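Inside the fold
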Amino acid sequence: MAVSPLTASAADNFWQNIQQKGVLRCGAATAAPYVMRDPKNQQYSGYFSELCRDFGQNVLKVKVQFIDASWDTLVAGLQSDKWDLAMGLNQTPERALAVGFSVPVQDYQISFLINKQNPKVNALGNKLADFDKAGITFAVMSGTVQDRAITAAIKNGKIMRLPGNDESRMALMARRADVLVDASDTNHLFALANPDWATEVLPSPALAKQGVSFALPRSVSEADRDVLNIYLTQRRATGEIDQWVNKASQEANAAK
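What comes next concerns the included structure. As the structure is a computational prediction, the values presented were derived from the model and not from experiment.

The geometry of helix α9 (residues 184–193) relative to helix α11 (residues 240–255) is characterised by a closest axis approach of 10 Å and an angle of 65 degrees between their N-to-C directions. The pairing of α9 with α11 is recorded here as roughly perpendicular in orientation. Read as a crossing pair, α9 and α11 show a hand that is right-handed. Residues His 188, Leu 189, Leu 192 and Ala 193 of α9 touch α11, and the partners they reach there are Asn 246, Ser 249, Ala 252 and Asn 253. Its residues assigned to classes, the contact of α9 with α11 comprises four nonpolar, four polar and no charged.

Glancing now at helix α8 (residues 165–173). Those residues of α8 that sit buried are Ser 168, Arg 169, Ala 171 and Leu 172. Projected down its long axis, α8 shows its buried positions confined to an angular sector of 155 degrees, all on one face. Residues of α8 that are buried make contact with β7 (106–115), β8 (137–141), β9 (158–162), β10 (179–183) and α9. Positive phi appears at Arg 175, one or two residues downstream of α8, with a value of about 60 degrees.

Let us look at the environment of Asn 126. In this structure, Asn 126 sits in the loop between β7 and α6 (128–131). Sequence-distant contacts of Asn 126, defined by excluding residues within four places in its chain, comprise Phe 131, Val 201, Leu 202, Pro 203 and Ser 204.

Let us now look at the state of the cysteines. According to the stated counting rule, one finds one disulfide in the structure shown. The disulfide partner of Cys 26 is Cys 52, and the S-S distance across this bridge is 1.9 Å. On the sign convention where negative means left-handed, the S-S torsion of about -80 degrees between Cys 26 and Cys 52 marks this disulfide as left-handed. Here Cys 52 lies in helix α3 (residues 47–60) and Cys 26 lies in strand β1 (residues 23–28), a separation of 26 residues in the sequence.

This next bit is on the nonpolar core. In this structure, Trp 15, Leu 24, Phe 112 and Phe 214 are the most contacted members of the largest nonpolar core, which totals 51 residues. A total of six residues in this core trace back to one element, the largest contributor, which is α3. Dropping the residues within four chain positions of it, Trp 15 is found in contact with Leu 24, Phe 55, Leu 60, Leu 85, Leu 216, Asp 224, Arg 225, Val 227 and Leu 228. Among the nonpolar cores identified, the runner-up in size contains ten residues, and Ile 67, Trp 83, Leu 89 and Val 99 belong to it.

As a further point, take the pattern of salt bridges. Taken as a whole, this structure holds ten salt bridges when the rule is applied. Residue Lys 209 is joined to Asp 107 by a salt bridge in which the shortest nitrogen-to-oxygen separation is 3.9 Å. Of this pair, Lys 209 sits in strand β12 (residues 207–217) while Asp 107 is found in strand β7, placing the two residues 102 residues apart along the sequence. According to the relative accessible area criterion, Lys 209 is partly exposed, its value standing at 48%. Between Asp 107 and Arg 236 there is a salt bridge; the shortest N-O distance is 3.1 Å.

Quick notes on the rules
- Residues numbered from 1 in each chain as written.
- Predicted model: local features only at pLDDT ≥ 70, side-chain atom pairs only at ≥ 80, totals over all residues.
- Heavy atoms only, no water.
- Axes fitted to C-alpha atoms, helices over the stretch in contact; angles between N-to-C directions.
- Helix = DSSP H or I, 4+ residues; strand = E, 2+ residues; numbered from the N terminus.
- Parallel < 35°, antiparallel > 145°, perpendicular 65-115°, else oblique.
- Left-handed = near helix turned anticlockwise from the far one by under 90°.
- Contact = heavy atoms within 4.5 Å.
- Nonpolar A, V, L, I, M, F, W, Y, C, P; charged D, E, K, R; others polar.
- Buried < 20%, exposed > 50% of the residue type's maximum accessible area, 1.4 Å probe, protein only.
- Arc of directions from axis to C-beta.
- Disulfide = S-S within 2.5 Å.
- Core = buried A, V, L, I, M, F, W, Y, C linked by side-chain atoms within 4.5 Å.
- Salt bridge = Lys/Arg side-chain N within 4 Å of Asp/Glu carboxyl O.

In short, geometric facts, not functional conclusions.
Dropping the structure here:
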């Protein structure tokens, strides 16, 4: 059995050891609006980057270093001590076997994007059952988590499966579909970019809802994990995280 480079002593003094080193290392895989990198100056932005920077500088009082990663290497890099925190990971039971999670920074879920000028859907509210009716067409990218979720949820409406996000959005814009089914962060970005006609709906009950969190080494003590959890809970309660999410979404739209 492989031995983690994080010893029991280090796990019990996780933040103290980082303070002694003077650097908080944040594993960064890019995906707007979570983590973004400017191709010109290589500077990181996005709301997870802002949180990592703020936590390191203002709570731990250390420098913050962002280390390039990919979504395939975030967990392995955390286990091999290449970084101290992994940013923007969805909480799943499988990942929880390998790493520890903070409290959710935001909630990932599937949302609906609709044309608010479309009389078939503009007054339906947010109840999933109200959308699930004959005559309502849902556009979704084929084979995705969104496809599986909407297939399980919809009994009366029609599902239009398309090969990509661009085709799904075009179907909505051309009114060949009434509802675009996609991840809430992606739909949120698109709604912000098209405020004259597009609006996002978070259906109730929620579809495929998961927490999006920081990941830490699994052996980090509960007391040390509480330090990060208290920080995130306070930032979320004051609305600061929502402000960073909106800022990151606007930056992502401006970069397109």
